[in-house]
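Notes for the structure review
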Protein chains: 2
Amino acid sequence: MSATAAPERARAPAPPVAEAAGEPAGEVETRLRRAALACFVAKGFHGTSMRDVAREAGCSVSHAYYYYPSKGAILFRLMRDITAELDARLAAAEDRAGPDPARRLAALVRAHVLLHTGRQDESFIGNSELRSLDADRLAEVMVLRDRVAARFLAAVAAGVAAGDFACPTPRETARAIVTMTTAVATWYRADGPQSPETVAGQYADMALRLVGAGAGKDGP
Amino acid sequence: MSATAAPERARAPAPPVAEAAGEPAGEVETRLRRAALACFVAKGFHGTSMRDVAREAGCSVSHAYYYYPSKGAILFRLMRDITAELDARLAAAEDRAGPDPARRLAALVRAHVLLHTGRQDESFIGNSELRSLDADRLAEVMVLRDRVAARFLAAVAAGVAAGDFACPTPRETARAIVTMTTAVATWYRADGPQSPETVAGQYADMALRLVGAGAGKDGP
């Protein structure tokens, strides 16, 4: 800290800013988050120490603590960011789709699948490590998750109200759509036979079958 | 951090059999598995030591090692048992339902949902800790999981072949049905408003909508 530091301090690592000479702080933070994500995926939050994260990121433990006060803070940041990005992508998909319920639901499903094929690690941690967030952080993430779920429910309910969907259980159906598309992250392989867009289209079709799209107005 | 079994061994308590005097070995094993499940759910496999499991089970570490050579062996046993039980329940449901594809699919979905509302902890670990099984054990669990998935695909394919289901993507639809019903374990609350049977019925109906049941033969 000061120039008259105790002998122990003399052997302490240089302050983080000097240590990261030439590297913008934002890049170090990103590197730490990526490292934490890799560690959490491999060994879980409780199986990972801040030392593991620092090693994976190629920096010192004190450097890691300079950017994040705890591994819990990194976990929160990862979860909040991925859920906020998901919500933003869904909002954009709604805007592009316009008010037609079937188009809107299909657009939501496509956007949901595309995020989950592209960000599988974050999705896995986002679903397996909710238990590891403290109460305040969990509440903040849940607000975002609820907002995501509400978009699907609103789309299904709008279709039912318009007579476009023949769906006796809108709430349960909206949840089923969210969970089956979230689960894409658990099995999708980028080196497999199907492109993310193909899978997204299949799930949009399945969602429309689930809500009975078209059956409401044009049924027998 | 790591399971520090060796130091504990040095202070070895009385042999397990004497220590468990009066308690059948099967009950100790069950207690250890339940304890491990609770620990894995709370902190993940890598965040749990054999010492944690023994403490939770109320026995010594050496006692725990007498029954299971490692925490990996307990994890495997938990995963194999729950998946084998799921497969057995699905087989029984198929037998009761008979050959009609819609009845058969609905019965499979009901059985799948009922297991996942009743065994949420094992389901969570079964899906979040596949990463923690060694290769041989993972392969053995995957054989069982593939058998479960194959039952759903066979039911969907049979309905399509019979002209009972109008389903352009049987493989993808069967997978969506498995994942949306598996996910019930992540949100179902036993103290919530819906009984397991109600949820099971809703998911059976949704599965039949997904496969276009009735639309094949009786469509416009």
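Residues numbered from 1 in each chain as written. Chains lettered and ligands numbered in written order. Predicted model: local features only at pLDDT ≥ 70, side-chain atom pairs only at ≥ 80, totals over all residues. Heavy atoms only, no water.

**A few points about the overall build of chain A**
This is how the line gets drawn: We count a stretch as a helix when DSSP gives it H or I for four or more residues in a row; a strand needs E for two or more, and each element gets its number in order from the N terminus. A simple rule labels every residue: compare its accessible area, found with a 1.4 Å probe on the protein chains alone, to the largest value its type can have, and call it buried under 20%, exposed over 50%, or partly exposed in between. The contact criterion used throughout is that any non-hydrogen atoms of two residues lie within 4.5 Å. Computed by Shrake-Rupley with a 1.4 Å probe, the accessible areas treat only the displayed protein chains as cover when residues are assessed.
Looking only at helices and strands, chain A features 13 helices and 0 strands. When the helices and strands of chain A are placed in sequence order, the string is α-α-α-α-α-α-α-α-α-α-α-α-α. Within chain A, the proportion of its 220 residues that are buried is 47%. Pairs at least 24 residues apart make up 71% of the contacts formed inside chain A by residues separated by at least 6 positions. Total accessible area computed for chain A in this model is approximately 10,400 Å², and 56% of it derives from carbon and sulfur atoms.

**Structural notes on the relation of the copies chain A and chain B**
The relation between the two copies of this chain is a rotation about an axis and a shift parallel to it. Heads up, the condition is: Only residues with pLDDT of at least 70 in both copies contribute their C-alpha atoms to the least-squares superposition of the copies.
Expressed as a screw operation, the relation of chain A to chain B combines 0.0 Å of axial shift with a rotation of 180°, fitting to an RMSD of 0.0 Å. In short, the pair behaves as if placed about a two-fold rotation axis. Taking the C-alpha atom as reference, chain A places Gly-47 of chain A closest to the rotation axis, 2.0 Å from it. The share of interface residues of chain A whose copies in chain B are also at the interface is 97%, consistent with both copies meeting through the same surface.

**Side note on the interface of chain A and chain B**
Interface size is commonly expressed as the accessible surface area that is lost when the partners come together. Cut-off, in case you're wondering: Put simply, buried area is the surface a 1.4 Å probe can reach on two separate parts but cannot reach once they are joined, added for both. A pair is scored as a salt bridge if a Lys or Arg side-chain nitrogen falls within 4 Å of a carboxyl oxygen belonging to Asp or Glu. Note that Gly is not counted as nonpolar here; it falls among the polar residues with everything else outside the nonpolar set of Ala, Val, Leu, Ile, Met, Phe, Trp, Tyr, Cys and Pro and the charged set of Asp, Glu, Lys and Arg.
Across the contact, 31 residues belong to chain A and 31 residues belong to chain B. For the pair chain A and chain B, the summed buried area comes to about 2,500 Å², and 58% of that belongs to carbon and sulfur atoms. When the area that chain A buries against chain B is broken down by residue, the three leading residues are His-46, Arg-131 and Arg-209 of chain A, summing to 24%. Our enumeration of links across chain A and chain B arrives at 0 salt bridges. With 6 residues, helix H10 (residues 170–182) of chain A is the largest single contributor of residues to the side of chain A that touches chain B. Here the residues of the side of chain A that touches chain B sort into 14 nonpolar, 11 polar and 6 charged.

**A few points about the pattern of salt bridges**
All names here are of chain B. Scanning the entire structure with this criterion turns up 30 salt bridges over all chains. Notably, a salt bridge pairs Asp-134 with Arg-137, separated by 3.4 Å at the nearest N-O pair. Judged by its relative accessible area of 38%, Asp-134 falls in the partly exposed class.

**As for the packing of aromatic side chains**
Here is the rule we go by: Side-chain rings of Phe, Tyr and Trp (the six-membered ring for Trp) are treated as a pair once their centres are within 6.5 Å; stacked means planes under 30 degrees apart, edge-to-face means over 60, and tilted covers the remaining angles. Both a distance and an angle decide whether a charge sits over a ring: NZ of Lys or CZ of Arg must be within 6 Å of the ring centre and within 35 degrees of the ring normal.
Considering all chains together, one arrives at 6 aromatic pairs over all chains under this definition. Between the aromatic rings of Tyr-66 of chain B and Tyr-67 of chain B, the centroid separation amounts to 5.0 Å while the plane-to-plane angle is 90°, which identifies the pairing as edge-to-face. Across the ring face of Phe-45 of chain A, the terminal group of Lys-71 of chain A is positioned such that the distance to the ring centre comes to 4.2 Å. Sitting above the plane of the Trp-187 of chain A ring, Arg-175 of chain B keeps its charged end 3.5 Å from the centroid.

**Brief notes about the state of the cysteines**
Worth spelling out the cut-off: In what follows, a disulfide is any cysteine sulfur pair within 2.5 Å.
Counted according to the given criterion, the structure contains 0 disulfides over all chains. Just so you know, Cys-39 of chain B is unpaired, no disulfide at all, and the nearest cysteine sulfur is the one on Cys-59 of chain B, 11 Å from it. Residue class for Cys-39 of chain B comes out buried when judged on its relative accessible area of 9%. For the unlinked cysteine Cys-167 of chain B, the closest cysteine sulfur is that of Cys-167 of chain A, found at 18 Å.

**Details of helix H12 (residues 196–210) of chain B**
What counts here: Here, expected helix span is obtained from the residue count minus one, scaled by 1.5 Å.
Here H12 of chain B contains 15 residues, and its C-alpha end-to-end distance of 21 Å stays within 8% of the 21 Å for a straight helix at 1.5 Å per residue. Within H12 of chain B, burial applies to Val-199, Ala-200, Gln-202, Tyr-203, Ala-204, Met-206, Ala-207, Arg-209 and Leu-210 of chain B. In this structure, the buried side of H12 of chain B is in contact with H10 and helix H12 (196–210) of chain A together with helix H7 (101–118), helix H10 (170–182) and helix H11 (184–187) of chain B. A positive phi of about 65° marks Gly-212 of chain B, the residue just after H12 of chain B.

**Describing the packing of H7 of chain B against H12 of chain B**
Residue and element names in this part refer to chain B. Applied cut-off: Between N-to-C directions, angles span 0 to 180 degrees; the directions come from axes that are lines fitted to C-alpha atoms, helices contributing only their stretch in contact. Orientation is classified from the angle alone, with under 35 degrees giving roughly parallel, over 145 giving roughly antiparallel, 65 to 115 giving roughly perpendicular, and any other angle giving oblique. Take the far helix as your reference; a near helix turned counterclockwise from it by less than a right angle gives a left-handed crossing, and one turned clockwise gives a right-handed crossing.
Running from amino to carboxyl end, H7 crosses H12 at an angle of 140°, the nearest separation of the two axes being 8 Å. Between H7 and H12, the interaxial angle falls into the category oblique. Crossing hand, H7 versus H12: right-handed. Residue-level inspection shows Ala-102, Leu-105, Ala-106, Val-109, Arg-110, Val-113, Leu-114 and Thr-117 of H7 in contact with H12, the latter providing Pro-196, Glu-197, Val-199, Ala-200, Gly-201, Tyr-203, Ala-204, Ala-207 and Leu-208. Of the residues that constitute the contact of H7 with H12, the class distribution is 13 nonpolar, 2 polar and 2 charged.

**Description of the confidence of the model for chain A**
All names here are of chain A. Cut-off, in case you're wondering: Per-residue confidence from the predictor is given as pLDDT, running between 0 and 100.
This prediction gives chain A a mean pLDDT of 89; 87% of its residues lie at or above 70. Long-range and interchain partners of residues 1–15, a stretch whose pLDDT sits below 50, account for 3 contacts in this model, where long-range means more than four residues apart. Taken together, the chains of this predicted complex give a pTM of 0.87 and an interface ipTM of 0.87.

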